Amino acid sequence: MKSLLTLCLTLIANFAIGQLLQWAPQFANENGSITITANGASGNAGLAGHTGDVYLHIGAITNKSTGSGDWKYVKSTWGSTTAPKAMAAGTNLWSYTIPDIRSFFGITASDEHVTHIAVLFRDAAGNKVLRNASGADMYVPVYAANYRGQVFTKPNLIPEFILKNEAVNPAVNDNVTISFSSSISGSMGLLHNTNSVSGSQTGTSYSATVKITEAGLQEFIASTYISTNNILLDTLRFYVSAPTQTAALPVGAQEGVNVNTNCNEATFVLFAPGKNKVNLIGNFTGNDWSAKTNNQMYRTPDGNYYWITVNNLNTTTQYMYQYLVDDNIYIADPYSELVLDPDNDRYISAETFPNMPAYPAHANVSGSKNGFISVLKLCEPKYDWRIKNFKRPAKEDLIIYELLVRDFHEKANYQVLIDSIDYFKRLGVNAIELMPVNEFTGNDSWGYNPKFYCALDKAYGTKNKLKEFIDLCHENGIAVILDVVFNQMDAFGTPQGKMYWNNGKPAANSPWFNVAATHNYSVFEDLNHTKDATKYLVKRSLEYWVKEYNFDGYRFDLAKGFTQKCTNGVNETCPVSSGSTEDYDAQRVSILKDYYDYIIGKYPETYVILEFLGSQNYNNPNSEEAVYADYGFLLWNNLNHTYNQATMGFASNSNFSKMVYNSVEQSFKKNAGIGYMESHDEERLMYKNLQYGNSSGSYNVKNETTALNRQAAAATVFFTIPGPKMFWQFGERGYKLSLVYNGSNVAKKPPMWNEFAQTANKNIYDVYGKLINFRLANTSFFSKGKFLYNFNDNGGLVKTLSIQDTTENDLQMVVVANFDVTSQTRTIQFTKAGTWFQYVSNGTGSNANGATATNFTVTNLSQSITLAPGEYHVMLSHNPNTYIFMGSGLWSDVKNWSMGKVPPDNLSSNEKIIISPTYNGKCVVDKPVNVSEGARIYIAPNQKLEIKNN
């Protein structure tokens, strides 16, 4: 007992400040004892200031383990107080002794041996956990009984799976302490840059204080002389920088990489105010991924920027590089266009990202130390855009398909989207909005955890594949909008985070972040948009994706978060807090207008869409959202709950009027609200239909066919309302799995393409397609026509609307849908007498209750109609007779026409044909077609029409 107490006291007395773990003996073997002592204020500081009990979550890594994560013989479950309990050993210190390692873990197999003890120190509940500063678990090596070797113990050891020393940052004339231990007693000595340090020491441990006399590489060689042919050696190296030189930034250089016109020279620029020195490290000739005098960067006179020019580069080498800041912070370039991720790239298939650069296999590089690495290839060939002058759809005509590449198809890549162009085209959408595709955390994500704002995440494919998809969309009249996340970053591990980080959160001197969010919607780390560095980052990103990829616009996630108004309680950022994030915020308006002005000033037709979703619009033409609408923004307009109430068959809160831009409920002066029934954030309508749908007698919304039919009904009173619209992927076929399927809203969802084979699901797609194609073939009708509606129905569930426009061949439209679960009789108002046409209908009767494609006569403009539950009708004053060629090949082939609708051989005066073949396709007129005066044939830009000699 006395010897054990002495051992513990010795450990505590010698515990280095900041040392996370220390253990004795230093070279423990599996048949002996070991005492492990932890400093709760070091590493991630997970137990700093903790005064309660501390337990060990402990297991063994053996030769049977598959890797560092394969813990075996774990002693207890997480959060259990039956786990081994540590002994308090001083302020923030706890220790635990294992008398016999094999016996402790209960290992009996003779061919299984312990290589590491894996351990975490935690509080009783497991809410406070001590681990490495990197977030990695802690490991103590276990050696064979006859092991012969040495280890440097100072600089402090970092107890990761592969043991290493902490980075040190001395200056010239500083003293540093170097210590090492040997597994065998002998005569121990130390060389510093080939010079002997003091005298030899006999035993198993050595320590000396060394003065650094010159800058450059410092090499220490530890030796233990046992006998002539038995000498143990180990080497420690670190770099001591020379004083940073000051030089003005080269003219025209900006943050990131600046390549000269000859493609043989690049100037690297890093914004790093308050830092002392920066080195450019990488696979450049003579660089060796380590700090050297010749790769130390200049500092600008204002102290904000570091830069260096590298010469003798070439266009064939794939350069990989990082910035080493203050000798211990390794970061990728914040403006990288391609980064390597040591943890996640291995899971991306070669099919998705062929010829992906390998993470550097170099003695001076490790994933845990270096993290993300930038990739640069000079003057790569430019993508040859086929469509160089795409004409974007007018804002009010947008029909947007919101899409998450990860969940659209099992392959989850851009090639799948390219292969699906006919699917989008037949559906008729004129815009696709991609959820975030810039570098995000991991590979399996919605993308709202951004890491790099100018790097394409490799999980979905290469730069050129994304460009090919956008080019193909443009060729088919489809704009592509990018969802961007500037409210927050998942900053841990990013350049901005690593340079200015303190105790698990952004440091107070961060040029980009708030220490804590000012508003109550925040996730991850909150960007401060009043800071110049943040403004520069956002504007560079906005310009980049339009210039490089030809994106047509942006959707700003969580636009309410662009605020410094403190409404989230008192925290490190906010000494006082008052009001609500929903309140009008003039500073936020100014910030968002500034970003709008910047991108519109450079690319005037760019869409700028805000996810603001304010609560101050009702009868308020001066609401913050109304200000944005007047300025030129588009804004998300969420009616998920309202439409779902209707589709489920419940009258309360089922008034669609907010979908109308100038209604009391919305109060806009411009048609700027992008209405939607579903988005990535909302519960799926079909799921709630099936779970909670209303019923009456034999009519039950929970019946799947019935529920799907009601989704089609919702479409008729959605796409026919003037103004931009959006729908979430697979809403067009009634996707029925919950938003939280697979465990959470952000979890991966199966695409369920098998649904498309079901008649009721395919019917929704057809209804969507007919309505969208009609809508986009008659844009003037929807933008200029007289629009009347009744979505309140005196608290009922029958929705009606009508549009009159004498400029489109006197085309008029009446829409009615019964969302009740019982039959309802209403009086509907037709806008003209004569023959009317059922354009979309599920009616089974006659006249106004007739089926799709039937005609009926209206003599009395005011007519009573009894609608079955779920019955809907889109009725037109005449057959629109619009035919859309969107395949490739023969005019006579029904498969080439939207909805299988082939035009007649004799085109009458009110008929319209739109020629818009698929990519590289053409329309071949293989039969005689007589065109009457007044008939119209439109050939989309860059499309081909070939007329055979019949």
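The structure this text deals with has already been given above.
Residues numbered from 1 in each chain as written. Predicted model: local features only at pLDDT ≥ 70, side-chain atom pairs only at ≥ 80, totals over all residues. Heavy atoms only, no water.

**Student:** I keep staring at a nonpolar patch on the surface and nothing clicks. Help me out?
**Tutor:** On the surface, Val931, Ile937, Ile939, Leu945 and Ile947 cluster together into a nonpolar patch covering about 430 Å² of accessible area. Only β54 (936-939) and β55 (945-947) provide two or more residues apiece to the nonpolar patch. Structurally, the position occupied by Ile939 is in strand β54. What makes Ile939 partly exposed here is its relative accessible area of 43%. (Patch = residues over 30% accessible without salt bridge, like charges linked within 9 Å, V, L, I, M, F, W, Y side chains within 5 Å. Areas by Shrake-Rupley, 256 points an atom, 1.4 Å probe, with all protein chains shown as cover. Salt bridge = Lys/Arg side-chain N within 4 Å of Asp/Glu carboxyl O. Helix = DSSP H or I, 4+ residues; strand = E, 2+ residues; numbered from the N terminus. Buried < 20%, exposed > 50% of the residue type's maximum accessible area, 1.4 Å probe, protein only.)

**Student:** Sorry, what's going on with the packing of aromatic side chains here?
**Tutor:** Pairs of aromatic rings are described using the distance from one ring centre to the other and the angle between the two planes. With the rule as written, the count across this model stands at 71 aromatic pairs. Seen in terms of ring centroids, Tyr596 and Phe633 are 4.6 Å apart; in terms of plane orientation they differ by 45°. Their pairing is tilted. A residue pair is termed long-range when its members are at least 10 positions apart, and Tyr596 in helix α10 (residues 586-602) and Phe633 in the loop between α11 (624-631) and β35 (634-638) qualify at 37 residues. Under the relative-accessibility criterion, Tyr596 is labelled buried at 10%. Above the plane of the ring of Phe104 lies Lys75, whose end atom (NZ or CZ) is 4.6 Å from the centre. (Phe/Tyr/Trp six-rings, centres within 6.5 Å; stacked < 30°, edge-to-face > 60°. Lys NZ or Arg CZ within 6 Å of the ring centre and 35° of its normal.)

**Student:** Looking at this structure, how should I read the sheet that holds strand β27 (residues 431-434)?
**Tutor:** Working definition: the strands of a sheet are paired by backbone hydrogen bonds and lie parallel or antiparallel to each other. Strand order in the closed barrel formed by eight strands is β26-β27-β28-β33-β34-β35-β36-β39, and the pairing between neighbours is parallel. Pairs of neighbouring strands in the sheet enclose a mean axial angle of 30°, with direction left out of account. Across four bridges, strand β26 (residues 399-403) lies against β27 in parallel orientation. Within the sheet, the bridge partner assigned to Ile400 lies in β27 and is Ala431. Its contacts with the sheet put helix α9 (residues 532-549) on β28 (479-484) and β33 (553-556), and the angle it makes with β33 is roughly 140°. (Pairing = 2+ DSSP bridges. Axes fitted to C-alpha atoms, helices over the stretch in contact; angles between N-to-C directions. Contact = heavy atoms within 4.5 Å.)

**Student:** I'm lost on empty space enclosed by the protein in this one. Help?
**Tutor:** Empty pockets left among the atoms are what a rolling probe the size of a water molecule brings to light. Applying the stated criterion across every chain, the model contains four cavities of 30 Å³ or more. Here the largest cavity defines a volume of roughly 120 Å³. Lining the largest cavity are 14 residues, and of these Asp407, Arg684, Trp728, Tyr735 and Lys749 lie nearest its centre. Taken together, the residues of the lining of the largest cavity sort by class into seven nonpolar, four polar and three charged. (1 Å grid on protein atoms, 1.4 Å probe; cavity = no way out; pocket = protein on both sides within 12 Å on 5 of 7 lines; lining within 4 Å. Points joined across faces, edges and corners; volume = space filled by probe spheres on them. Nonpolar A, V, L, I, M, F, W, Y, C, P; charged D, E, K, R; others polar.)

**Student:** I'm lost on α10 in this one. Help?
**Tutor:** An α-helical turn contains 3.6 residues, so a residue and the one three or four places further along point in the same direction. Here α10 is 17 residues long and its end C-alpha atoms lie 25 Å apart, about the 24 Å a rise of 1.5 Å per residue gives. Every buried residue of α10 is listed here: Arg588, Val589, Ile591, Leu592, Tyr595, Tyr596, Ile599 and Ile600. Down the axis of α10, the sector holding all buried residues measures 165°, keeping them to one side. Set apart from the buried face of α10 by more than 90 degrees, the exposed residues are Ala586 and Gly601. Elements that come into contact with the buried residues of α10 comprise α9, β33, β34 (607-610) and α11. N-capping of α10 is provided by Asp585, with a side-chain oxygen placed 3.1 Å from the backbone N of Gln587. (Expected span 1.5 Å × (residues − 1). Arc of directions from axis to C-beta. Polar contact = N/O pair within 3.5 Å; in protein donor to acceptor, adjacent residues only side chain to side chain.)

**Student:** Please explain the nonpolar core as it appears in this structure.
**Tutor:** For soluble globular proteins, the rule of thumb is that nonpolar side chains tend to be buried together. Membership of the largest hydrophobic core comes to 165 residues, with the highest contact counts inside it found for Phe268, Tyr401, Leu434 and Phe556. Examining the composition of this core, we find that eight residues originate from one element, α9, more than from any other. If we skip the residues at most four places from it in the chain, Phe268 touches Gly256, Val257, Leu280, Phe284, Met297, Tyr306, Trp307, Ile308, Val310, Tyr321, Tyr323 and Leu376. Listed in part, the 32 residues of the second largest apolar core include Ala60, Ile117, Val142 and Leu157. (Core = buried A, V, L, I, M, F, W, Y, C linked by side-chain atoms within 4.5 Å.)

**Student:** What is the right way to read the layout of surface pockets from this model?
**Tutor:** Approximately 1400 Å³ is the volume attributed to the second largest pocket. Considering the residues around the second largest pocket, the lining is formed by 37 residues, among which Glu337, Glu380, Lys463, Tyr544 and Glu548 are closest to the centre. Among the elements of the structure, β17 (256-259), β25 (373-376), α7 (463-475) and α9 are those that each provide at least two residues to the lining of the second largest pocket. Per-element tally for the lining of the second largest pocket: the top contributor is α9, with five residues.

**Student:** Even after reading the chapter, I still don't get the side chain of Arg775, so can you show me in this structure?
**Tutor:** With respect to the helices and strands, Arg775 occurs in helix α15 (residues 759-777). Lacking a salt bridge, the buried Arg775 has Asp397 as its closest oppositely charged neighbour, with an N-O distance of 5.4 Å. A distance of 3.4 Å separates the side chain of Arg775 from the backbone oxygen of Glu396, its partner in a polar contact. Setting aside residues up to four positions removed in sequence, Arg775 forms contacts with Glu396, Ile399, Phe719, Ile721, Pro722, Gly723, Pro724, Lys725 and Phe782. (Lys, Arg positive; Asp, Glu negative; His and termini not counted.)

**Student:** Which parts of the structure should I look at to understand the pairing of β17?
**Tutor:** Here β17 runs beside strand β18 (residues 266-271); their pairing, made up of four bridges, is antiparallel. In the strand pairing of β18, Val257 is matched with Phe268. Taking the residues that link successive antiparallel strands as the turn, the β17-β18 hairpin has six residues, and the phi of Cys263 there is positive, at about 60°.

**Student:** Hey, could you run me through the state of the cysteines in this one?
**Tutor:** Disulfide: a covalent bond formed between the sulfur atoms of two cysteine residues. If you walk through the whole model with that rule in mind, you get two disulfides. Two residues share a disulfide in this structure: Cys263 and Cys379, whose sulfurs sit 1.8 Å from each other. Here the disulfide of Cys263 and Cys379 is left-handed, its torsion about the S-S bond being about -95°. Of the two residues, Cys263 sits in the loop between β17 and β18 while Cys379 sits in the loop between β25 and β26, which places them 116 residues apart along the sequence. By relative accessible area, Cys263 is classed as buried at 15%. Across the disulfide, Cys566 is cross-linked to Cys574 (sulfur-sulfur distance 2.1 Å). Given an S-S torsion of about -80°, the disulfide between Cys566 and Cys574 has left-handed geometry. Each member of the pair, Cys566 as well as Cys574, is classed as buried. Lacking any disulfide linkage, Cys454 is separated from the closest cysteine sulfur, that of Cys379, by 18 Å. Among the residues examined, Cys454 registers a relative accessible area of 3% and is labelled buried. (Disulfide = S-S within 2.5 Å.)

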